[in-house]
Amino acid sequence: MRHHKQVERLMLFAQVAEALSFTRAAKALGVSRAHLSEQVRRLEQDIGAPLLIRTTRAVRLTEEGERIRQRMQSVHGELLALERELEHDLEQTSEPERQGYSGVLRITAPVLFAERYLVEVCNAFQARHPAVELRLDVSYESHDLTREPFDVAFRATRTPPDNMIARRLLDYVHCCCASPEYLAAHGTPHTAAALGDHRCHVWSGQSGWPLASGEVSLAGGLAINDHRLLKQQALGHAGIIRVAHYLVDRELAEGRLVRLLAHEEGEPNSIYMLYPQRLPQSGKLRAFMAAVEAAMPPRGA
């Protein structure tokens with residue numbers, strides 16, 4: 001029983017060590033901060049050494065605490081690998097003629113890609129396999145699938161990680177666009193320099209756009225930290241925006257937006273589907289990945 005409690009405390013401490021915050025760790029674990037603090041205190045008593053340096057402003061690891069954090073990363077990775085292996089083995093021994101899959105698939109994806117493609121794929125997949133529970137984490141955080149319990153990740157990058165199997169799904173550029181109504185009222189820019197005469201809305205923290213010919217400084221528009229609101233500005237005839245092409249592809253095809261300065265778009269980026277390379281994939285994961293690939297537009301479209 002004593003070893004069981006120590007393993008539990010080590011797992012709890014590992015979460016604190018990664019977050020460097022009792023509050024964030026407690027929230028992630030679904031326990032109270034007081035309980036977490038008490039378990040870490042008891043672990044320090046068991047080991048006979050301090051693991052954390054606590055101040056009113058921050059939490060830092062001692063040398064012993066850092067050593068445990070690194071070892072627990074390996075333990076956590078092995079536990080995730082075992083879980084995936086057992087899940088795969090269970091599917092292999094199940095009825096081969098069954099009509100659908102069951103269980104949980106944990107997915108992480110960028111917000112805009114999830115909104116444009118993935119939610120629709122998830123709905124269609126669950127309609128076909130209603131016993132599968134899909135848990136979709138939507139953010140721009142680059143989760144490590146060797147340490148976190150996600151089965152598949154989608155990531156916008158030009159350099160997918162070496163420790164993952166990566167399938168390239170979608171190539172896209174960032175394009176400038178505006179509504180026909182705005183262009184009729186204010187004119188159409190044909191050069192990067194001409195953007196300075198227009199109301200250009202940028203992502204928060206940007207002072208300009210990195211175009212193929214170089215950085216162009218902009219002023220006079222809104223700075224917004226939400227791409228969907230930027231798109232609303234363009235659709236509301238309020239100015240020019242620069243966003244990922246797949247966010248506005250339907251509006252461009254419908255003529256509600258007009259693509260500008262295509263020669264300034266530069267090198268494309270890509271969306272990759274990533275999954276761990278150590279173990280064979282479960283049947284439901286293979287089926288889900290196939291559904292995602294089937295929903296992607298033809299390369300170059």
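Residues numbered from 1 in each chain as written. Predicted model: local features only at pLDDT ≥ 70, side-chain atom pairs only at ≥ 80, totals over all residues. Heavy atoms only, no water.

Student: If you had to explain the sheet that holds strand 4 (residues 132–138) to someone new, which residues and values would you point to?
Tutor: Strands sit in the order 4-3-5-14-6 across an open sheet of five strands; the sheet is mixed. Strands with a single pairing partner mark the edges of an open sheet, and in this sheet they are strand 4 and strand 6 (164–172). Adjacent strand axes in the sheet meet at a mean angle of 20° when their direction is disregarded. Where strand 6 and strand 14 (residues 269–276) come together, eight bridges link them in antiparallel fashion. Looking at the pairing, Tyr172 lines up with Asn269 of strand 14. (Pairing = 2+ DSSP bridges. Helix = DSSP H or I, 4+ residues; strand = E, 2+ residues; numbered from the N terminus. Axes fitted to C-alpha atoms, helices over the stretch in contact; angles between N-to-C directions.)

Student: Now, about the packing of helix 5 (residues 111–128) against helix 8 (residues 245–254): what can you tell me, with residues and values included?
Tutor: At a minimum axis distance of 9 Å, the contact between helix 5 and helix 8 shows a crossing angle of 40°. Here helix 5 lies oblique to helix 8, going by the angle between them. Within the contact between the two elements, helix 5 uses Leu112, Phe113, Glu115, Arg116 and Tyr117 and helix 8 uses Tyr246, Leu247, Asp249 and Arg250. Grouping the amino acids of the contact of helix 5 with helix 8 by side-chain chemistry returns five nonpolar, no polar and four charged. (Parallel < 35°, antiparallel > 145°, perpendicular 65-115°, else oblique. Contact = heavy atoms within 4.5 Å. Nonpolar A, V, L, I, M, F, W, Y, C, P; charged D, E, K, R; others polar.)

Student: Please give an account of helix 8 that cites residues and values.
Tutor: With respect to burial, helix 8 is a largely interior element, seven of its ten residues being buried. For helix 8, every residue scored as buried is listed here: His245, Tyr246, Leu247, Val248, Asp249, Glu251 and Leu252. After helix 8 finishes, the residue Gly255 shows a positive phi value of roughly 85°. (Buried < 20%, exposed > 50% of the residue type's maximum accessible area, 1.4 Å probe, protein only.)

Student: Summarise the environment of Leu20; cite the residues concerned and give the values.
Tutor: Tracing the chain through its elements places Leu20 in the loop between helix 1 (2–19) and helix 2 (22–29). Through-space distance from the C-alpha of Leu20 to that of Leu52 is 9.1 Å; in sequence the pair is 32 residues apart. With sequence-adjacent residues up to four places away left out, Leu20 is seen in contact with Val59, Arg60 and Leu61.

Student: A description of the sheet that holds strand 7 (residues 174–178) should follow, citing residues and the corresponding values.
Tutor: Strand order across the open sheet formed by three strands is 12-7-13, with antiparallel pairing between neighbours. Only two strands of the sheet have a single neighbouring strand rather than two, namely strand 12 (241–244) and strand 13 (258–260). Neighbour to neighbour, the strand axes of the sheet diverge by 50° on average, direction disregarded. Where strand 7 meets strand 12, four bridges bridge the pair, whose relative direction is antiparallel. Bridge pairing in strand 12 places His174 opposite Ala244. Across the sheet, helix 7 (residues 227–235) lies against strand 7 and strand 12, angled at about 135° from strand 12, the strand it touches most. Those strands touched by helix 8 are strand 7, strand 12 and strand 13, and its axis lies near 110° from that of strand 12.

Student: Help me get a handle on a nonpolar patch on the surface, residues and values and all.
Tutor: Taken together, the side chains of Val7, Met11 and Val75 present a nonpolar region at the surface, about 220 Å² in accessible area. Note on placement: Met11 falls in helix 1. Look at Met11 and you get partly exposed, because its relative accessible area is 30%. (Patch = residues over 30% accessible without salt bridge, like charges linked within 9 Å, V, L, I, M, F, W, Y side chains within 5 Å. Areas by Shrake-Rupley, 256 points an atom, 1.4 Å probe, with all protein chains shown as cover. Salt bridge = Lys/Arg side-chain N within 4 Å of Asp/Glu carboxyl O.)

Student: Explain helix 2 to me, using residue names and the numbers behind them.
Tutor: At 3.6 residues per turn, the α-helix brings residues three or four places apart onto the same side. For helix 2, the set of buried residues is Phe22, Ala25 and Ala26. Projected down its long axis, helix 2 shows its buried positions confined to an angular sector of 100°, all on one face. Opposite the buried face of helix 2, at more than 90 degrees from it, the exposed residues are Thr23, Arg24, Lys27 and Ala28. The opening residue of helix 2 is Ser21, an N-cap whose side-chain oxygen sits 3.3 Å from the backbone nitrogen of Thr23. Positive phi appears at Gly30, one or two residues downstream of helix 2, with a value of about 75°. (Arc of directions from axis to C-beta. Polar contact = N/O pair within 3.5 Å; in protein donor to acceptor, adjacent residues only side chain to side chain.)

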